[in-house]
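# Secondary and tertiary structure notes
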Amino acid sequence: MAHKRKLIEVALPLEAINKASAREKSIRHGHPSTLHLWWARRPLAAARAVLFAQMVDDPSSYPDLFPTEKAQEKERQRLFRIIEDLVQWENTNNEEVLQAARDEIWRSWRRTCAENADHPRAKELFNRQRLPAFHDPFAGGGSIPLEAQRLGLEACASDLNPVAVLINKAMIEIPPRFAGLPPVHPEARGDRKLIERTWRGAEGLAEDVRWYGRWMRDEAEKRIGHLYPKVEVTEEMARERPDLQPLTGQKLHVIAWMWARTVASPDPAMGGAHVPLIASYWLCKKPGKRVWVEPVVNGPVRSWRFEVHSGIPESEDPIDAGTKTGRGTFRCLLTGAPLTTKYLHEQGQSGSIGARLVAIVAEGPRSRVYLSPTQAQEDVVSQARPCWVPATELGTNTRHLTPVAYGYTTHASLFTPRQLVALDTLSSLVSDAREKVLADARAADREEGGRLKDGGTGAVAYADAVAVGLGLAVSRRQDRWNAFTIWYTGGEKLQSSIRLSALPMTWEFAEGNPFCESTGNFYDGVELTARAVEPLGQGTPGRAEQGDARALATDGAAVVTTDPPYFDNVPYADLSDLFYVWLRRALQPIFPELLSTVLVPKADELVADPSRHNSKEAAERYFLEGMREVIVRLRQRALPEVPVSIFYAFKQSESQDGGVASTGWDTFLSALVEGGFSIVGTWPIRTEQSGGLRNVGRNSLATSVVLACRARPSAAPTATRREFMTALKNELPEALAHLQRSNIAPVDLAQSAIGPGMAIYTRYAQVLDAAGKPLSVREALALINQTLDEILTEQEGDFDPDTRWALAWFEQQGFSEGEYGTAETLSKAKNTSIGGLVEAGILQSHRGKVRLLKPSELPPDWDPATDKRLTVWEMVHHLIRVLESNGEAAAAELAGKLGSQAEVARELAYRLYTLCERKKRASEALSYNALVQSWPEIARLARERRQPEQAELFVGGEG
């Protein structure tokens, strides 16, 4: 079958995709991510856009239909508008928008089938009126398979991790089986309005998850509610706290119990008395509401207690500090003796860390009420007697599981006894709820049918399906029901214990109440699960199955888009064990094979974890070899007519051998190349509104890069290093100019330029250096970056001498002062003078020092029409000044006055951003990046102010 270039190989409307992806992060209710916690999920907007662009032909593939570049660009813009609609959150289930995208995908697929009518696969698919199958072998949180299903493809999701498989089943496999069906609970069957209403998608299933979840909550409270007693506001409390007087005598529901860990004082004179480890005494820091605890020490009897206070403290310093003195170090509350990290490790590993109640948070009539601890509230915990605990061992990766270093080595040790009782009770009730669903489904005249795992769609399978939703609701709550959950003092709520892909050690923790009406309660988890399920159910039922990507079946070609593990960034198996132990407890009868292992499989997990491979080097080798096997399988599995798309997180940098490199990125690209792929495009997808500039100069995940790949021809030639460099210098400038015309953000320019650079490198079977040795991916990336820098430097030839001087000076000094003599020497080399630079209004010279003027220091009444020494440097910084102070409309007015020169100013902004990134000047980089990102709107507004014939000057603003 013929291979047509797809849109993803040529262009994407990145600005719209990134903006929608960033906005999506703030959406909670109804978003599939609220179904269950998973790490590094791809935004739905990005997944939809990539899948569409991967399937749809680029106009350049049909020169008979679009014979000129102008015609091709016009058609490309039409496709971009479809994507721009498609990525909006409001259009996630908009059938009109989705159908327009499906129609476009079908149009391209029909062309392919028609042009290859004799090919058996094309003929068979076309006759069945079906799009090709889709497969994601690293399905994870399921964003990509879900969006493939939404766009009309037959989605298959596989993953080695059973938690990921369960999540995908709950998203693409279960809801479509029961789409359009009404709920079966007794109230629904007795309510004529509910019987007669239309149930779209999985609304009926979601409603049953809510109803039986509410039953579970009530039943659990009957069994263990005595472990979660109310707290009474006594007269004594009210005497000490005037703000409590209106509540005297009332019994309040507790929201959370605040605990601090304790260890024995290291001072022998204290006789082993325990002292608290608490990093801050604050309980609430909301504006107008400040609450804290104060330790009351009784030195002679070696005891202490906490009292809660509200109002305005005399000094915030001791409240901020608690008993903490540094990272992982504290002081003894009784003696002031230091509690070192080593001492705390020893205490933890000997099982000597305890806990004391610090405060109680209760539900008041209008707001949270903070109370001092009582002995009765502390003693109730000792009544908790769990019948079952997860005695399994935690992983040894202390980088991501910090509590292990302090003696918390089993899953049971991560919970208080009361939390263990609650989780076990609710997990056991999932089976009871399933029996009730089954009885009610039979009463609703649903046919019996087979089990869910066997493909059933009747009453039995429906009961299984509701149980899956309830099991996920129990599991998703445990990240707020363990002894490492923190209390967010700004928002007065429980915060997830799993942060930044890790379970960090916490010295104080909040124990939530599953039966309260506030933060972290069980029914809130049920509601989040139901809302996530409700809008699902579109399209053909998908398939989610457990499987190692290295053993991927290669029969039956499919469209492949995936999001593989990110080298060493996330220990998926170790972290998901925290949920798996409870999912297995609740759902093993429903999926006995999937949940057969005691813990999540780890031996074959494809991550570079040194703790499993005895060294960093061995872990890197394991990852490279494993990923190479996967890539070979993907190449064999992938439908040749459609490029493979791979999301990959790019870790900005790490120091190595005196230079800067990215081992994970290099290793992954090496696996792609060695696995037989050519890279035909790279696209940076960002999920931060700031464009990720907070990461400038930091060793963190800066962006997700989407790589478009095709199988490299078996007859690909070999090239020398010189030939590779020649090709780079010939082809990269045009590619770079295209990226800049597309208004790609400066922060993404270097990453995007890797696409055309790697496309050149991977078109060859090998690139050989002067000694005849293959040029590594790392060396190729260095040459691509070097060439990119040379091209950007060559662009300086378009600038005036004053601007070229300012660029060179800025690279050395930024906006800081420098020596006059050095500046003068540089001015001669750039064919200008210090006096002229001062006259131009970009430099300040005073007492032997010179300094570039910041945008905020430039005159607000500047008019380029009257400037006798106009420089590109001035244009850029005046545009920034106006943009930051008065917005895009004012910047557009100034750009209109600059005319065609505005485009040269935009080129300078790219160059300045590159310099700032290299020098780790984040604040300045933000300004240059923001100017370019705002350019389309600035250009649009400027065109509206200018005559039609002048509007053509702003061609760069169309991207």
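Residues numbered from 1 in each chain as written. Predicted model: local features only at pLDDT ≥ 70, side-chain atom pairs only at ≥ 80, totals over all residues. Heavy atoms only, no water.

## Details of the overall build of the protein
The test is simple: A run of H or I in DSSP counts as a helix once it spans at least four residues, and a run of E counts as a strand once it spans at least two, with each numbered from the N terminus. Contacts are assigned to residue pairs that have any heavy atoms within 4.5 Å of one another. Per-residue accessibility takes into account occlusion by the displayed protein chains alone, with areas from the Shrake-Rupley method and a 1.4 Å probe. For this count, His and the chain ends are skipped, Lys and Arg are scored as positive, and Asp and Glu as negative. Charge placement uses NZ in Lys and CZ in Arg. For Asp and Glu, CG and CD serve respectively.
Within the protein, the secondary structure is distributed over 33 helices and 29 strands. Its C-alpha atoms put the protein at 80 × 80 × 60 Å along the principal axes. Considering only intrachain contacts with a sequence separation of at least 6, the fraction spanning at least 24 residues in the protein is 74%. By element, 48% of the accessible surface of the protein is carried by carbon and sulfur atoms, the whole surface being about 38600 Å². Charged side chains of the protein number 115 positive and 123 negative; the gap between the two group centres comes to 1 Å.

## Structural notes on the packing of helix α25 (residues 801-813) against helix α26 (residues 820-829)
Axis angle and axis distance: for two packed helices, these are the angle between their axes and the distance between the axes, and together they describe the pair. Note the cut-off: The axes are straight lines fitted to the C-alpha atoms, using for helices just the contacting stretch, and the angles between their N-to-C directions are given from 0 to 180°. Orientation is classified from the angle alone, with under 35 degrees giving roughly parallel, over 145 giving roughly antiparallel, 65 to 115 giving roughly perpendicular, and any other angle giving oblique. The hand of a helix crossing depends on one turn: near helix anticlockwise from the far one by less than a right angle means left-handed, and clockwise means right-handed. Note on residue classes: Ala, Val, Leu, Ile, Met, Phe, Trp, Tyr, Cys and Pro are nonpolar, Asp, Glu, Lys and Arg are charged, and everything else, Gly too, is polar.
Contact geometry of α25 with α26 gives a least axis separation of 10 Å together with a crossing angle of 140 degrees. By the angle between their axes, α25 is oblique relative to α26. Handedness of the α25/α26 crossing: right-handed. Here Trp805, Ala808, Trp809 and Gln812 of α25 lie close against α26, whose contacting residues are Thr822, Ala823, Leu826 and Ser827. Its residues assigned to classes, the contact of α25 with α26 comprises five nonpolar, three polar and no charged.

## Observations concerning unusual backbone geometry
Put simply, the rule is: Using a 1.4 Å probe on the protein chains alone, a residue whose accessible area is under 20% of its type maximum counts as buried, one over 50% counts as exposed, and one in between counts as partly exposed.
Non-glycine residue Asp445 carries a positive phi angle of around 65 degrees. You can call Asp445 exposed: its relative accessible area is 71%. Of note, Asn831 is a non-glycine position whose phi angle comes to about 65 degrees, a positive value. By the element assignment, Asn831 lies in the loop between α26 and α27 (834-840).

## Some points on the sheet that holds strand β11 (residues 329-331)
In plain terms, the rule: Between any two strands, pairing holds if DSSP finds at least two bridges.
The antiparallel open sheet is built from three strands, whose spatial order is β10-β11-β12. Both edges of this open sheet fall to β10 (324-326) and β12 (338-339), since each of them pairs with a single strand only. Relative to β12, β11 runs antiparallel, the two being bridged by two bridges. Within the sheet, the bridge partner assigned to Arg331 lies in β12 and is Pro338.

## A word on helix α24 (residues 777-794)
Inclusion rule: In this analysis, the expected span of each helix is defined as 1.5 Å times one less than the number of residues it contains.
For α24, built from 18 residues, the straight-helix expectation of 26 Å at 1.5 Å per residue is met to within 8% by its first-to-last C-alpha distance of 25 Å. Every buried residue belonging to α24 is among Val777, Ala780, Leu781, Leu783, Ile784, Thr787, Leu788, Ile791 and Leu792, and all of these are buried.

## Looking at helix α17 (residues 522-533)
Formally: In protein, a polar contact means a hydrogen-donor-capable atom and an acceptor-capable atom, both N or O and within 3.5 Å, with residues adjacent in sequence counting only if both atoms are side-chain atoms; elsewhere, any N or O pair within 3.5 Å suffices.
The end-to-end C-alpha distance of α17, which contains twelve residues, comes to 17 Å, matching closely the 16 Å that a straight helix rising 1.5 Å per residue would cover. Of all twelve residues making up α17, ten are buried, and the element is well covered by its neighbours. All buried positions along α17 are accounted for by Phe522, Tyr523, Gly525, Val526, Glu527, Leu528, Thr529, Ala530, Ala532 and Val533. Next to the buried residues of α17 lie α10 (203-224), α15 (417-443) and α16 (459-477). A distance of 3.0 Å separates the backbone nitrogen of Tyr523 from a side-chain oxygen at the start of α17, and that oxygen is part of Asn521.

## Some remarks on the pairing of strand β13 (residues 354-363)
Judged by how many residues are buried, β13 sits mostly within the fold: seven of ten residues are covered. Pairing analysis gives eight bridges linking strand β5 (residues 254-264) to β13, with the strands arranged antiparallel. Each residue of the ladder has a partner; that of Ala260, found in β13, is Arg356. For β13 and strand β14 (residues 368-371), the ladder comprises four bridges, and the chain directions are antiparallel. When the sheet's bridge partners are listed, Ala362 is paired in β14 with Val369. As consecutive antiparallel partners, β13 and β14 are separated by four residues.

## Digging into the pairing of strand β2 (residues 154-159)
Let me state the cut-off plainly: Every crossover in which the path from the first strand over the helix to the second runs clockwise, viewed with the strands pointing away from the viewer, is termed right-handed.
Counted residue by residue, β2 has five buried out of six residues, so it is predominantly covered. For the crossover that starts at strand β1 (residues 133-136), traverses helix α6 (residues 143-150) and ends in the parallel β2, the hand is right-handed. Strand direction decides the pairing type here: β2 and strand β18 (residues 543-546), joined by four bridges, are parallel. Considered in β18, the bridge of Ala157 is made with Ala544.

## Remarks on empty space enclosed by the protein
Remark: the empty space left among the atoms is shown by a probe the size of a water molecule rolled over them. Note the threshold: The distinction between a cavity and a pocket rests on a 1 Å grid over the protein atoms alone: a 1.4 Å probe fits inside a cavity but cannot get out, while a pocket stays open yet meets protein on both sides within 12 Å along at least five of seven lines, and a residue with an atom within 4 Å of a point counts as lining. Grid points are joined across faces, edges and corners, and a volume is the space filled by probe spheres set on the points.
Counted according to the given criterion, the structure contains seven cavities of 30 Å³ or more. Residue lining of the largest cavity: 31 residues in total, with Phe138, Gly140, Asp159, Pro565 and Tyr572 positioned closest to the centre. Of all the elements in the fold, those that place two or more residues in the lining of the largest cavity are α6 and α18 (572-587). Taken together, the residues that form the lining of the largest cavity break down as 17 nonpolar, six polar and eight charged.

## Digging into the nonpolar core
Quick reminder of the rule: Nine residue types can take part in a nonpolar core, namely buried Ala, Val, Leu, Ile, Met, Phe, Trp, Tyr and Cys, and a core is a set of them joined through side-chain atoms within 4.5 Å.
Counting 304 residues, the largest nonpolar core has Leu672, Leu707, Phe724 and Trp805 as the members making the most contacts within it. Counting residues per element, this core draws most heavily on α16, which supplies 13 residues.

## Here's the deal with the sheet that holds strand β29 (residues 849-852)
The strand order β27-β29-β28 describes an open sheet built from three strands, whose pairing is antiparallel. The sheet terminates laterally at β27 (818-819) and β28 (843-846), the two strands that pair on one side only. Summarising the sheet, β27 and β29 pair through two bridges and their orientation is antiparallel. Looking at the pairing, Gly818 lines up with Val850 of β29. In the packing of α25 onto the sheet, the strands contacted are β27, β28 and β29, and the crossing angle to β29 comes to about 100 degrees.

## A closer look at the packing of aromatic side chains
The line we're drawing: Between rings of Phe, Tyr and Trp, where Trp is taken as its six-membered ring, a pair exists when centres lie within 6.5 Å; planes separated by under 30 degrees are stacked, by over 60 edge-to-face, and by other angles tilted. Charge-over-ring placement is defined geometrically: NZ (Lys) or CZ (Arg) within 6 Å of the ring centre, and within 35 degrees of the ring normal.
Under the criterion given, the structure shown has 24 aromatic pairs. Ring centres of Trp388 and Trp582 lie 5.5 Å apart, and the angle between their planes is 80 degrees; on these two criteria the pair is classed as edge-to-face. Separated by 194 residues along the polypeptide, Trp388 in the loop between α14 (375-379) and α15 and Trp582 in helix α18 bring together distant segments of the chain. By the ring-pair criterion, three or more aromatic residues cluster together here, those being Trp38, Trp39, Tyr572 and Phe579. The residue whose ring lies beneath Lys4 is Tyr62, and the NZ or CZ to ring-centre distance is 4.9 Å. One Lys or Arg, Arg197, reaches over the ring of Trp199 and ends 3.7 Å from the middle of that ring.

## Topic: the environment of Ile278
Secondary-structure assignment places Ile278 in the loop between β6 (274-277) and β7 (282-286). Taking the C-alpha atoms as reference points, Ile278 and Phe66, separated by 212 residues in sequence, lie 68 Å from one another. Not counting residues up to four positions away in its chain, the partners in contact with Ile278 are Ala260, Ala321, Gly322, Thr323, Lys324, Phe330, Val358 and Glu508.

## A short note on the pattern of salt bridges
Counted only if it meets this: Each reported salt bridge corresponds to a side-chain nitrogen of Lys or Arg within 4 Å of a carboxyl oxygen of Asp or Glu.
Scanning all chains against the criterion turns up 55 salt bridges. Glu937 is paired through a salt bridge with Arg940; the nearest N and O atoms lie 2.5 Å apart. Here Glu937 and its partner Arg940 are both found in helix α32 (residues 935-945), three residues apart, which amounts to about one turn of the helix. Looking at Glu937, the relative accessible area reads 27%, which means it is partly exposed. Among the residues examined, Arg940 registers a relative accessible area of 33% and is labelled partly exposed. It is possible to trace a salt-bridge network through shared partners that takes in Glu207, Arg210, Glu527, Arg531 and Glu534.

## Digging into the environment of Leu781
If you trace the backbone, Leu781 turns up in helix α24. In this structure Leu781 comes out as buried when scored by relative accessible area, which is 7%. In this structure, the C-alpha to C-alpha distance between Leu781 and Tyr761, residues 20 residues apart in sequence, is 9.3 Å. Ignoring sequence-local partners within four residues, the contact set of Leu781 consists of Trp665, Asp666, Leu669, Ile754 and Met758.

## Describing the environment of Ser475
Relative to the assigned elements, Ser475 resides in helix α16. Considered as a pair, Ser475 and Arg585 are 110 residues apart in the sequence and their alpha carbons are 9.9 Å apart. Residues contacting Ser475, with those up to four places away along its chain left out, are His36, Phe579 and Leu583.

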